Amino acid sequence: MKIGFIGLGNMGAPMAANLAKAGHEITGYDAAGTSAAGAATATSGAEAAAGADVVITMLPNGAILRSVAAEVIPAMTQGAVLVDCSTVDVESARAVADMAAKAGLGFVDAPVSGGTIGAEAGTLTFMAGGGAADFDVAAPLFEIMGQKAVHCGDAGAGQAAKICNNMILGVTMIATCEAFALADKLGLDRQKMFDVVSTSSGYSWSMNAYCPAPEIGPQSPADNGYKPGFAAELMLKDLRLSQQAAEGADADTPMGQLAAALYAQFVEEEDGKGRDFSAMLPRLAARSRPAT
Ligand code: NAD
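If you're wondering where the values come from, they're calculated on a predicted model, not measured in any experiment.

K.L.:
Explain a nonpolar patch on the surface to me, please; I cannot follow it from the model alone.
P.N.:
Together, Leu 182, Leu 186 and Leu 188 make up an exposed nonpolar region whose accessible area comes to about 310 Å². Tracing the chain through its elements places Leu 188 in the loop between helix 7 (157–185) and helix 8 (190–197).

Quick look at the structure:
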């Protein structure tokens, strides 16, 4: 396939490189002038998109996606498919789907989980929204860049799945960290705590697969000085998207709201920026109970 790839950052560059390695003809563009191994480089998004069967975007947020889509959609060939893999608000995904449909193009929103390690290894999980025919066009590319793709429903459903998943992740990570901090103060050994919880009803991905306590459980960023991994500011971005969506849909999400506020404090007022989101454990462990 002839593929335009726009947004060659930490995630986009290795994803584009994997598509090139698999034999696809990739033309990449990034506003910062970055490139991807095996891909030709264009001088604009429109140039990367011209004549492509599929255009993939991997951009920082919904506002940038909307502006790139406005530039790129008129340059795309009728019948081609725009696949956005960025994590953006559900509204922007649906707005870009409408723009694409009006121009006779397909659209799939397909945010990912798996981080930069998954992008490099080609083991991402894709959560996709859009028409079945458009999903079918993108599916072989998801297979190269990832290990699993779930077609979640119409346009926006991929973003909805992503922010619901990450809202659970943010909340369970905080719950796991505050339980370790409480265990410390109760004199309970962290390894014993892990042995019990990881095989009891408090188990979760945060505890079992990504344990926030150093030297306990499988290797995780906690064993590497909380170097990300999944940075606290990216968790904050996703929690904010979940709360923006909850507000728009009139959904009551009290724990998601609290998690967003706590990560905002950690990232914007404390030392959380640039640390893994599991560094919530040393933060909580160092604190006393606030006065009531
Ligand atoms: P990044 O900042 O490294 O990459 C984004 C790239 O987009 C940058 O290189 C930037 O120069 C480029 N860009 C910005 N505006 C542009 C424009 N108008 N035209 C062309 N290029 C433009 O970010 P990333 O870590 O690669 O993340 C990309 C997306 O993936 C984000 O939406 C993020 O939330 C999501 N995501 C990231 C991770 C992760 O672990 N990094 C995991 C899952 C999802």
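K.L.:
What should I look at first to understand the nonpolar core in this one?
P.N.:
One broad trend across soluble globular proteins is that nonpolar side chains are buried collectively. In terms of nonpolar packing, the biggest core is built from 36 residues, with Tyr 263, Phe 277 and Met 280 touching the most fellow members. The set of elements that each furnish at least two residues to this core consists of helix 7, helix 8, helix 10 (232–249), helix 11 (254–268) and helix 12 (280–285). At nine residues, helix 7 tops the list of elements feeding residues into this core. For Tyr 263, the residues in contact, after removing those within four places along its chain, are Gly 170, Met 173, Ile 174, Ala 232, Met 235, Leu 236, Leu 239, Phe 277 and Met 280. By size, the runner-up hydrophobic cluster in this structure holds 30 residues, among which are Leu 8, Val 54, Leu 124 and Ala 138.

K.L.:
Just checking my understanding: could you explain the packing of aromatic side chains for this structure?
P.N.:
The way to describe two aromatic rings as a pair is by their centre distance and the angle between their planes. One pass over the structure, following the stated rule, counts six aromatic pairs. Ring centres 6.0 Å apart and planes at 50 degrees place the aromatic pair Phe 135 and Phe 142 in the tilted group. Members of the aromatic cluster, each reached through a chain of ring pairs, are Trp 205, Tyr 210, Phe 230 and Phe 277.

K.L.:
Would you mind showing me how to read the pattern of salt bridges here?
P.N.:
Once the charged atoms of two side chains with opposite charge are near each other, the side chains can pair. In this structure the tally under the stated criterion is five salt bridges. The closest approach of N and O atoms between Glu 268 and Arg 240, which form a salt bridge, is 3.1 Å. On the criterion of sequence distance, the pair formed by Glu 268 in helix 11 and Arg 240 in helix 10 is long-range, its members being 28 residues apart. Linking Arg 287 and Glu 270 is a salt bridge whose minimum nitrogen-to-oxygen distance equals 3.6 Å. Here Glu 270 lies in the loop between helix 11 and helix 12 and Arg 287 lies in the segment after helix 12, a separation of 17 residues in the sequence. Arg 287 gets classed as partly exposed once you look at its relative accessible area, which sits at 35%. Note on Glu 270: relative accessible area 27%, which makes it partly exposed. In the salt-bridge network here, residues are joined through shared partners; they are Glu 270, Arg 283 and Arg 287.

The rules behind these values
In this numbering scheme, every chain counts its residues from 1 along its sequence in written order. Predicted model: local features are reported for residues with pLDDT of at least 70 only, side-chain atom pairs are reported and counted for 80 or more only, and whole-chain, interface and lining totals are derived from all residues. Remark: hydrogens and water are excluded; side-chain values derive from all non-hydrogen atoms of the structure. Here a patch means residues that are over 30% exposed by relative accessible area and free of salt bridges, tied together within 9 Å if like-charged and within 5 Å if nonpolar (Val, Leu, Ile, Met, Phe, Trp, Tyr). Methods summary: accessible areas were calculated by the Shrake-Rupley approach with a probe of 1.4 Å, and residue burial reflects only the protein chains presented. Salt-bridge detection follows one rule: a side-chain nitrogen of Lys or Arg within 4 Å of a carboxyl oxygen of Asp or Glu. Working definition: helices are DSSP H or I runs of at least four residues, strands are E runs of at least two. Numbering for both runs from the N terminus. By nonpolar core is meant a set of buried Ala, Val, Leu, Ile, Met, Phe, Trp, Tyr and Cys residues that side-chain atoms within 4.5 Å join together. Type-normalised accessible area, obtained with a 1.4 Å probe on protein chains alone, sets the label of each residue: buried when under 20%, exposed when over 50%, and partly exposed for intermediate values. In this description, contact between two residues means that some pair of their heavy atoms is separated by no more than 4.5 Å. Each pair of aromatic rings taken from Phe, Tyr and Trp, with Trp reduced to its six-membered ring, is defined by centres within 6.5 Å and is described as stacked if the planes are under 30 degrees apart, edge-to-face if over 60, and tilted in the remaining cases.

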